[in-house]
Amino acid sequence: MIFSRGGFWQKLLAAIALFGITLAPAVAAGPASVEPAEISARPISEFHIGRPDKQFGPLEFVGGLEMTSSTRDFGALSALRFLKPGSDFIGVADTGFWFFGTLVHDAEKRPSGIQNFRMQQMVDSAGQPIDEKWAVDAEGLAVKDGIATVGFEGDHRIAEFKIDPDMKAPFRQLDFLIPAWELRRNRGFETVTRANPNGQHAGGLVVVSEKSLDKAGNIFAAIIEGPHKGVFTVKRNGDFDITDGAFLPDGDLLLLERSFSMAGGVKMRLRRIYGEGVEKGAVADGPVLLEADMGYQIDNMEALDVWTRDDGALIVSLMSDDNHSILQRNLYLEFVLHED
């Protein structure tokens, strides 16, 4: 682990990194270029540190990777979506970068490496890199039919981009329905995902804020596409904030959550929100499937995706955001979600 349990100063520095002070990425000069990066990936075979357990409630740990790179811009990975199940992916970093690559698995179906990794800085309408982090604090991502839909904090917005080898400026912005004054500066749209195409929302976009709370203390969210658009909230459970989410095949919404305290350090949690609660005016809630602290292989877990493996297994993929801090790590974790 990169966090030392009981180490006050390490926890303090981690808190500073976790909540907004990061090392600056490299500043591009002129038009943004695609930057290939060599990724070193150390396999993670145990989720619970020092223990061989594989089963954690309905989740079975498959394996993971600790990723490093000499490329200065690598890190701050906030959202991930697979373009091909368990293989080619696209993502956004909260420093205003796109990233792309291919996840590789071994013969036992465990993640074993990252290939063809590359990054590109987000650009304005003139094709020039955007260097102000507040303007490109990308946190959430959904993909469909060659379109990437991105949620931004700070300058709160939901924007759509054409997925291309040379990414351009967004071609439109979407109405996110939630009153803008209800969104906290650094607690905006962390989850941008698409509902089940065969369900009540017909594959429409759903957005969930990290920690923008209504008067009852619940977290603002909205269905911004489909036949039943409207604002709803997610019941806040404890001191956890929402960092990403994806819909499961049965229509339930799987949320990734994170908490931090000086006493307990970083924690992560997976919560399954009942699909019928995702509707206009409702307060959505559901059970916790997994909770982990620094005794497990976790970090600042920010990205989640769900996909089906070639043997039919339902896979949950998680990725962490290191905030460009020497005290944090870029992790990729993979679980089978057993539905029986």
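Going by the structure above, here's the rest.
Residues numbered from 1 in each chain as written. Predicted model: local features only at pLDDT ≥ 70, side-chain atom pairs only at ≥ 80, totals over all residues. Heavy atoms only, no water.

**Concerning the environment of Ala202**
Mapped onto the secondary structure, Ala202 falls in the loop between β13 (189–194) and β14 (205–213). Sequence-distant contacts of Ala202, defined by excluding residues within four places in its chain, comprise Asn196, Pro197 and Pro227. (Helix = DSSP H or I, 4+ residues; strand = E, 2+ residues; numbered from the N terminus. Contact = heavy atoms within 4.5 Å.)

**Quick look at the environment of Asp299**
As for its placement among the helices and strands, Asp299 is situated in the loop between β21 (288–292) and β22 (301–308). For Asp299, a relative accessible area of 0% translates into the label buried. A polar side-chain atom of Asp299 sits 3.1 Å from the main-chain amide nitrogen of Arg329. (Buried < 20%, exposed > 50% of the residue type's maximum accessible area, 1.4 Å probe, protein only. Polar contact = N/O pair within 3.5 Å; in protein donor to acceptor, adjacent residues only side chain to side chain.)

**Comments concerning the side chain of Glu153**
Of note, Glu153 is situated in strand β10 (residues 147–153). As a buried residue without a salt bridge, Glu153 has its nearest oppositely charged side chain in Arg187, at a separation of 5.9 Å. Within the structure, the side chain of Glu153 is placed 2.9 Å from the backbone nitrogen of Gly188, a separation counted as a polar contact. Leaving out residues up to four positions away in the same chain, Glu153 has contacts with Trp134, Asp137, Glu139, Arg185, Asn186, Arg187, Gly188, Phe189, Glu190 and Glu210. (Lys, Arg positive; Asp, Glu negative; His and termini not counted. Salt bridge = Lys/Arg side-chain N within 4 Å of Asp/Glu carboxyl O.)

**A few points about the nonpolar core**
Generally speaking, a soluble globular protein has its nonpolar side chains buried in company with each other. With 28 residues, the main nonpolar core has Phe47, Met268, Leu270, Leu304, Val316 and Leu318 as its most contacted residues. In terms of residue count, the dominant contributor to this core is strand β24 (residues 330–337) (four residues). Not counting chain neighbours up to four residues away, the residues in contact with Leu304 comprise Leu80, Arg81, Asp244, Gly245, Ala246, Leu254, Leu256, Leu270, Val316, Ser317 and Leu318. Residues Phe74, Phe117, Trp307 and Met319 belong to the second largest nonpolar core, which totals 25 residues. (Core = buried A, V, L, I, M, F, W, Y, C linked by side-chain atoms within 4.5 Å.)

Distances and angles like these do not, on their own, reveal function.
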